[in-house]
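# Structure assessment
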Amino acid sequence: MPSLNLTKEFLNDRPSMDGDIVRSFGEATVPIARASGPLKILRHDLGCVAFSGEDAGQFLHSLMCGECQKLELGETMLTGWCDPKGRVRYLLWLVRENDRWFVFLPLEQIETFIKQISMFVLMAKVAIDDISNDWGCLWLRTTTAQRPTLDKVAVHAMPDITKDANRLWLVTGSAGALGAVWQTLDAEPRGAESGTDLEIYYGLPSLRGETLGQFLPQELNLEWLGGLSFEKGCYPGQEIVARVKFRGRVKSRVAISTGNNIGTVAPDGKIDIDGARVGTLLSARGDGSEAAAMAVVKLDDLDASGFALPKYAPHE
């Protein structure tokens with residue numbers, strides 16, 4: 001699957017590659033938790049799917065668990081496409097720009113995602129295109145809440161979850177436009193590894209590999225992140241998701257851990273602590289005192305597990 005074309009502006013910052021993906025730039029960088037200044041992160045590991053046509057918004061709204069049609073220009077939504085059992089089969093970032101909608105998700109999932117979602121088009125007036133080679137995104141962390149003003153790209157506000165003076169932004173555009181903006185941004189350059197690090201630090205879930213199709217939207221904290229609605233109409237798995245909300249209890253949540261207290265991780269990603277299975281690993285980075293991880297953890301085992309809910313979790 002082709003990734004975003006790298007223009008000379010990106011290559012000038014000495015990218016470190018893992019296959020076709022930019023993992024980092026230049027020398028080793030400190031973890032997000034200890035980085036204090038502005039950051040620019042090339043999400044070279046994310047692909048992009050464009051939805052266009054007069055029915056594009058309604059089409060996405062009918063499949064995703066979030067209120068897609070209420071998404072404003074200049075905003076983002078982390079939402080999910082569930083299977084009939086209410087489990088999130090794909091977790092994605094959604095933005096809209098005028099009459100087009102863009103979905104960003106891990107590059108390795110793009111081909112299957114398009115194949116599966118195209119089966120639901122039927123008579124809808126919507127076109128679905130993989131534009132990962134020509135269109136991509138940067139993530140910015142700024143030290144003020146003021147929206148950056150950038151030429152020939154779109155700047156979308158990510159969920160306001162940092163609980164400090166920093167703000168997160170998703171910048172979308174063509175490879176050439178992103179390269180030109182990259183050169184002008186006064187921020188430390190980072191690659192996909194720091195994208196994962198930022199997700200862990202702020203508790204922004206990402207699904208890859210065996211974690212696809214395992215979790216309810218609530219277990220991924222999507223209602224706290226603005227990507228799950230209990231008021232919209234039907235979508236795949238809606239009855240089960242609603243039943244947990246109104247008749248049951250959410251038993252697990254995305255949580256984060258730092259240091260060497262992640263427990264024992266089995267090859268299938270399951271986390272055991274003192275012989276008890278307490279959760280499923282989503283992502284991890286570093287080792288020793290710099291280690292950090294994000295997992296879906298059973299709430300009853302949260303204190304013993306060494307994991308904690310993200311800062312944006314409501315105090316219930």
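Before reading further, recall that the structure is shown in the block above.
The structure contained in this document is the topic of the report that follows. (Residues numbered from 1 in each chain as written. Predicted model: local features only at pLDDT ≥ 70, side-chain atom pairs only at ≥ 80, totals over all residues. Heavy atoms only, no water.)

Most often, soluble globular proteins keep nonpolar side chains buried together rather than apart. Judged by nonpolar contacts, the single largest core of 43 residues is most densely connected at Phe-104, Trp-139, Leu-204 and Leu-220. The contact partners of Leu-220, leaving out residues within four places of it in the chain, are Val-88, Leu-91, Pro-205, Leu-207, Phe-215, Leu-225, Val-254, Leu-282 and Val-296. Among the nonpolar cores identified, the runner-up in size contains 24 residues, and Leu-60, Met-77, Ile-117 and Val-126 belong to it. (Core = buried A, V, L, I, M, F, W, Y, C linked by side-chain atoms within 4.5 Å. Buried < 20%, exposed > 50% of the residue type's maximum accessible area, 1.4 Å probe, protein only. Contact = heavy atoms within 4.5 Å.)

Glancing now at the environment of Leu-138. Looking at the element boundaries, Leu-138 is found in strand 9 (residues 135–142). With relative accessibility at 0%, the residue Leu-138 sits in the buried group. Sequence separation of Leu-138 and Leu-178 is 40 residues, and the distance between their C-alpha atoms is 7.6 Å. In this structure, Leu-138 is in contact with Phe-10, Ile-41, Leu-42, Trp-169, Leu-170, Val-171, Leu-178, Val-181, Trp-182 and Leu-185, ignoring residues within four places of it in sequence. (Helix = DSSP H or I, 4+ residues; strand = E, 2+ residues; numbered from the N terminus.)

So, about helix 5 (residues 192–202). Within helix 5, 9 of the 11 residues are buried, leaving the element largely enclosed by the surrounding structure. Within the sequence span of helix 5, burial applies to Ala-192, Ser-194, Gly-195, Thr-196, Asp-197, Leu-198, Glu-199, Ile-200 and Tyr-202. Positive phi shows up at Gly-203, right after helix 5, with a value of about 75°.

With that out of the way, let us pick up the sheet that holds strand 6 (residues 88–97). Read from one edge of the open sheet, 5 strands run 5-6-7-4-8, paired in antiparallel fashion. The two strands at the open ends of the sheet, each matched to only one other strand, are strand 5 (77–82) and strand 8 (127–130). Taken pair by pair, the neighbouring strands of this sheet meet at an average axis angle of 30°, ignoring direction. As paired elements, strand 4 (residues 46–52) and strand 8 share 4 bridges and run antiparallel to each other. Considered in strand 8, the bridge of Phe-51 is made with Ile-128. Here helix 2 (residues 56–63) sits on the sheet and contacts strand 4, strand 5, strand 6, strand 7 (100–106) and strand 8; the angle it forms with strand 4, its principal contact strand, is near 120°. Helix 3 (residues 110–117) rests against strand 4, strand 5, strand 6, strand 7 and strand 8 of the sheet, and its axis sits at about 25° to strand 4. (Pairing = 2+ DSSP bridges. Axes fitted to C-alpha atoms, helices over the stretch in contact; angles between N-to-C directions.)

This part is about helix 6 (residues 238–246). Burial in helix 6 covers these residues: Val-241, Ala-242 and Val-244. Looking straight down helix 6, one finds that the buried residues subtend no more than 155° of arc, so they occupy a single side. Relative to its buried face, helix 6 has exposed residues pointing more than 90 degrees away, namely Glu-239 and Phe-246. (Arc of directions from axis to C-beta.)

On to the packing of aromatic side chains, then. Evaluation of the coordinates by the stated rule reveals 13 aromatic pairs. For the pair Trp-81 and Phe-113, a centre-to-centre distance of 6.0 Å together with 85° between the ring planes defines the contact as edge-to-face. Of this pair, Trp-81 sits in strand 5 while Phe-113 is found in helix 3, placing the two residues 32 residues apart along the sequence. Given a relative accessible area of 0%, Phe-113 falls into the buried group. Here the aromatic rings of Tyr-201 and Tyr-202 are separated by 4.8 Å at their centres, their planes lie at 75°, and the arrangement is edge-to-face. Since its relative accessible area comes to 27%, Tyr-201 is described here as partly exposed. Every member of this aromatic cluster is reached through a ring pair, and the members are Phe-51, Phe-59, Trp-81, Tyr-90, Phe-113 and Phe-120. Between Lys-245 and the ring centre of Phe-230, over which it is positioned, the NZ or CZ distance is 5.1 Å. A cation over an aromatic ring shows up here: Arg-253 above the ring of Trp-224, its NZ or CZ 3.9 Å from the ring centre. (Phe/Tyr/Trp six-rings, centres within 6.5 Å; stacked < 30°, edge-to-face > 60°. Lys NZ or Arg CZ within 6 Å of the ring centre and 35° of its normal.)

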